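Remarks on the overall topology
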Amino acid sequence: MRNIHKPSIQTEGVCTPEIEDVSVGPPNLPPGASVEKNNFFDRFRAAPFSIQLCILLMLLMALTAVFAPYVAPFDPNQTSMLERNDPPSWMGGQSGHLLGTDQLGRDVLSRCIYSLRVSVGIALLGVIIGCMIGVVAGILSGLLGGWTDRAIMMIVDFQLSVPFMLIVLVGIAVFGTSIMVLILLVGTAHWETYARLTRGQVLTVREYQFVEAAVALGATNWRIAKRHILPNIASPIIVLLTLNFPSILLLESSLSFLGIGVQPPTASLGRMVGEGRDYMMSAWWLVISPASFIVLLTLCIQLIGDWLRDVIDVRLT
Amino acid sequence: MTVEHLVEMEDLRTWFSARSGLLGASNKQTVKAVDGVTMSIRNGEVLGLVGESGSGKTTLGRSILRLVEPTSGQVTFNGRAILGMKKSEMRSLRREMQIIFQDPGGSLDPRMSVGEIIAEGLQVHGMGTRKEQRDRVAELLRLVDLEPDYAVRYPHEFSGGQRQRIGVARALAPKPTFVVADEPVSALDVSVKAQIINLLTDLKSRLGLTILFISHDLAVVQHISDRVAVMYLGHIMEIAGTREFFNSPMHPYTLALMESIPMPDPRTRRPFKILEGDIPSPINPPSGCVFRTRCEEATAECASIVPGLKQVAQDHAVACIRR
Amino acid sequence: MLKFIGWRFGRALLTVFAVLVAVFLAARLTGNPLDVMYPDGLPPDQEQRLLVQYGLDKTVPEQFVNYVRDLFQGNFGISLREKRPVADMYAEDIGATLKLAGCSFLLSVIFGIPMGMIGALKRRTGAGRLVMSVAFLGYAVPHFIIALSLILIFGFYLHWLPSTGNATIWHYILPTITLAAHRFASIARHTRSSLLDVLSQDFMRTARAKGLEERVVIFKHAMRNSLIPVVTILGLQIAGLINGSIIVETVFSWPGIGRLFVGAVMKRDFPVLQFGVICFAAIVVLVNFMVDILYVIIDPRIRTEA
């Protein structure tokens, strides 16, 4: 650890005994740290109604995605030439499909449910990859400083100055459009936000005396990062994770919409919208259904993320 | 293998580079926080280190432990030179040299339970099994007069004095031989202060610790120390046995410090003027004797000669050309 | 000041150079461009001739040097598909993109800043909430869904507006609104939080305490101070505009460079991609460089901190 102690202005008098009582009151906490061990249900109850609704919807969608084979009323890839572009059953559809059928007679609802699984899965993995890259880079940058720091920050600057869509598009052109490539590509989106946040937080936390105490005890950098820094910067990172999730989801659906994301026969919400677009005039449900899923999903998570940010009170700039 | 001097500092310097000015990096300046300290700490003693804010005493304490990297010189601990030691070697040596911090709140990780905090040193150095570590934590909590079942609580549940006791327990956990106590009581209120001082005195005799006790409070230092050193702008001005130090202080700066101790009786006349002005900036310390700008006895000579510590009596050294 | 500009300029150049290297390496990762041009394979002698002709027989560093030299000589490569200079292709299409992006940017600033102000000043009223809800929607709903909704409503059902191409002024309306939606949302949100920040500061209380009229307080003191962070955000908008125009141009069949780029991705036409990335990156870097300078001019506090 370098320069952990900088010459600082101390508030001590000229060698006189002084009464300075800071003994009671909460300890100095890192930003975002909260000491109360609130469980999820306490927090949930304290949340406004709209947030509770969002969380419930999210849970519902998550469960639907996980248990897609049990929830979906039809086989999503079962085509039926007789039931092509049949409207939803409550709109006068003949074949009894709740959200109608597509140009190949496949059940739209079942396809939406399976697409949800794919889209959420990709976004989730992507967000986790980005977060891990970013947090590791940020910790290295903040803890080691020097050339490591400069090099990492240069890559961050680089990523910030190139529109991310371009990187992804070039990546797709180079590596093709397999799901793995897609996950890795959307995973590298936003890693720089985690890196910058983590670095800033590490620099703040590093100045706390408990980190110096750990150094004095002989702890390794690795241990300090794991035991002292990570737990103290976890909350803002979780907030950022929540806020980044919708944009990753949108990135994947935009790519799939353009036809350069998830490839057939796998369905994703964005690709369903893209395919349905050609039939938009006659069969609007092909577009509206998956689009509603996308909007609902991103709105919910975005709202939850905004709420979390306000509750935990972090500035993410 | 007891040595007479547990810690020896030889011409130790710790300089920081500080950037200032509107033009950024163009004018680098050097803060000479510790500037040529040669001093040793005897095995089993409490050495009090006093000085004003900005005198470099805290930096000196951290330099000895290599919590800040000294610029030059050497520190010898128990006969081993620690500057230039390999990182891993240094880490294992840290078991023997610990630190107690000024701010009992900030030095405890709010995310860890008291037990985890105290056990960290044991874990780092692989001392004992989990069970043994738990027992040792309980033993340490009793040692600092806390309940053993506090181990499962978190730092914010405690008062300042209790937190400082936890800090002491953490420092003592790996059974160190040397402890730097960096203003351990200056953030506490008076009654708690006395308790912690007594605890430290007690622990020192029970565990045979060697302590560098850093403080700006002469009264506290008088109470706990075997010897006292005075620091000013990175230099040691005077060092003497406690009794000798308080009975016959020699350095003009020490005399001025003594004057600033409040007298119980306000009618007591003060023979000297109280210290005036602020400590000069360590970026641009005065030439010659660093104290001359505030010294009543300064002469022209003081600006040119850097006074070294010289023996003036048994166990008493002063850095002043007029003594 | 000059030093600061020089420093920033150096960094901008470095970034562009890094983009060059990255793009070059990415293109080389795909292997032999001839495989893309002639998927069915070539007779060996002809392949050898083409390798030499395109300089592909050299080592990778040599190829890079040649590539950079070509760039400086204005030789930006030939499209693998259309067999014509990529620079010409971009030159044809950039006008449409700039017009669309410019209109959207203006629209988003004209609406975004006042909406953000309303959101901040009337934040406890219905109007403030409504404004910020709209901004929130614009933020969370993807471009392609906004685009399709607009096409569905105004194109298919109402038949008010055309939805593909850029033939008349009417063609501008839907793509401009779509592209502006995100920018508008982002600007409104930032203006709001920045203004709220300023409103809570001491000098605002001082201004009120001096007995100034509320209108004066807000426009003279609050606005000036709250717009500074907004200016930096405007710089970042450019990257968002480029991201968005790639989608929007494709949806509305807008003959701009965004669509050209997406087409090149699908056809794996690497010279077109390379030039596109370099162009886009250069634009973003240039705009951010100008914003940095502007920022220093507006806010005298942050000078020269390199």
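Residues numbered from 1 in each chain as written. Chains lettered and ligands numbered in written order. Predicted model: local features only at pLDDT ≥ 70, side-chain atom pairs only at ≥ 80, totals over all residues. Heavy atoms only, no water.

Quick notes on the overall build of chain C
Along its length, chain C carries 12 helices and zero strands. For chain C, the N- to C-terminal ordering of α and β elements is α-α-α-α-α-α-α-α-α-α-α-α. Among the 306 residues that make up chain C, the fraction classed as buried is 46%. Long-range pairs, those at least 24 residues apart, make up 73% of the contacts in chain C between residues at least 6 apart in sequence. Roughly 15400 Å² of accessible area belongs to chain C as shown, and the carbon and sulfur atoms make up 65% of that amount. (Helix = DSSP H or I, 4+ residues; strand = E, 2+ residues; numbered from the N terminus. Buried < 20%, exposed > 50% of the residue type's maximum accessible area, 1.4 Å probe, protein only. Contact = heavy atoms within 4.5 Å. Areas by Shrake-Rupley, 256 points an atom, 1.4 Å probe, with all protein chains shown as cover.)

Let's talk about unusual backbone geometry
Residue and element names in this part refer to chain B. The backbone of K175 sits at a positive phi, close to 55°, despite the residue not being glycine. Structurally, K175 is set in the loop between α5 (160–172) and β7 (178–182). Its relative accessible area of 52% is what places K175 among the exposed residues. In this structure, L233 is a non-glycine residue whose phi angle is positive, near 50°. With relative accessibility at 3%, the residue L233 sits in the buried group.

Remarks on the environment of A171 of chain B
All names here are of chain B. With respect to the secondary-structure elements, A171 resides in helix α5. A171 sits in the buried class, given a relative accessible area of 0%. If we ignore the near neighbours within four places in the chain, the residues touching A171 are Q98, I99, I100 and P176.

Topic: the environment of L124 of chain A
For L124 of chain A, the position within the fold is in helix α4 (residues 108–144). For the pair L124 of chain A and G187 of chain A, spaced 63 residues apart in sequence, the C-alpha to C-alpha distance is 9.0 Å.

Focus on a nonpolar patch on the surface
Residues and elements named next belong to chain A. A surface patch of nonpolar side chains, about 550 Å² in accessible area, is lined by L63, V66, F67, Y70 and V71. Where the nonpolar patch is concerned, the elements lending two or more residues are α2 (49–66) and α3 (68–71). By secondary structure assignment, the location of V71 is in helix α3. (Patch = residues over 30% accessible without salt bridge, like charges linked within 9 Å, V, L, I, M, F, W, Y side chains within 5 Å. Salt bridge = Lys/Arg side-chain N within 4 Å of Asp/Glu carboxyl O.)

Concerning helix α6 (residues 126–140) of chain C
Here α6 of chain C spans 21 Å end to end across 15 residues, near enough to the 21 Å set by a 1.5 Å rise per residue. By the burial criterion, the buried members of α6 of chain C are G128, V131, M132, A135, F136, G138 and A140 of chain C. (Expected span 1.5 Å × (residues − 1).)

Quick notes on the sheet that holds strand β9 (residues 227–232) of chain B
Residue and element names in this part refer to chain B. On the basis of which strands lie adjacent, the open sheet formed by eight strands has the order β6-β7-β8-β3-β9-β10-β12-β11 and mixed pairing. Lying at the two open borders of the sheet, with one neighbouring strand each, are β6 (97–100) and β11 (310–313). For this sheet, the mean inter-axis angle between neighbouring strands, taken without regard to orientation, is 25°. Direction of pairing for β6 relative to β7: parallel, over a ladder of four bridges. The residue bridging I100 from the neighbouring strand is A181, located in β7. Taken strand by strand, α5 contacts β6 and β7, and its axis lies near 175° from that of β6. (Pairing = 2+ DSSP bridges. Axes fitted to C-alpha atoms, helices over the stretch in contact; angles between N-to-C directions.)

Looking at the pairing of strand β10 (residues 235–241) of chain B
All names here are of chain B. Among the seven residues that make up β10, seven are buried, leaving the element largely enclosed by the rest of the structure. The sheet contact formed by β9 and β10 spans six bridges and is antiparallel. Its bridge partner being in β10, V228 is matched across the sheet by A240. Adjacent in sequence and paired antiparallel, β9 and β10 are bridged by two residues, among which L233 carries a positive phi angle near 50°. In the sheet, β10 pairs with strand β12 (residues 316–318) via three bridges, with the strands oriented antiparallel. In the strand pairing of β12, E238 is matched with V318.

Here we look at the confidence of the model for chain C
Looking at chain C as a whole, its pLDDT mean stands at 77, while 87% of the residues score no less than 70. Within chain C, the lowest mean pLDDT, 63, falls on helix α2 (residues 33–37) of chain C, and the highest, 84, falls on helix α5 (residues 86–121) of chain C. (pLDDT = per-residue confidence, 0-100.)

Here's the deal with the packing of helix α6 (residues 164–175) of chain A against helix α10 (residues 221–258) of chain A
All names here are of chain A. Across the interface, α6 lies against α10 with an axial gap of 12 Å and an inter-helix angle of 50°. When the axes of α6 and α10 are compared, the pair comes out oblique. Note that α6 runs across α10; the crossing there is right-handed. Contacts from F164, M165, V168, L169 and I172 in α6 reach L251, S254, L255 and L258 in α10. Residue classes in the contact of α6 with α10 are distributed as eight nonpolar, one polar and no charged. (Parallel < 35°, antiparallel > 145°, perpendicular 65-115°, else oblique. Left-handed = near helix turned anticlockwise from the far one by under 90°. Nonpolar A, V, L, I, M, F, W, Y, C, P; charged D, E, K, R; others polar.)

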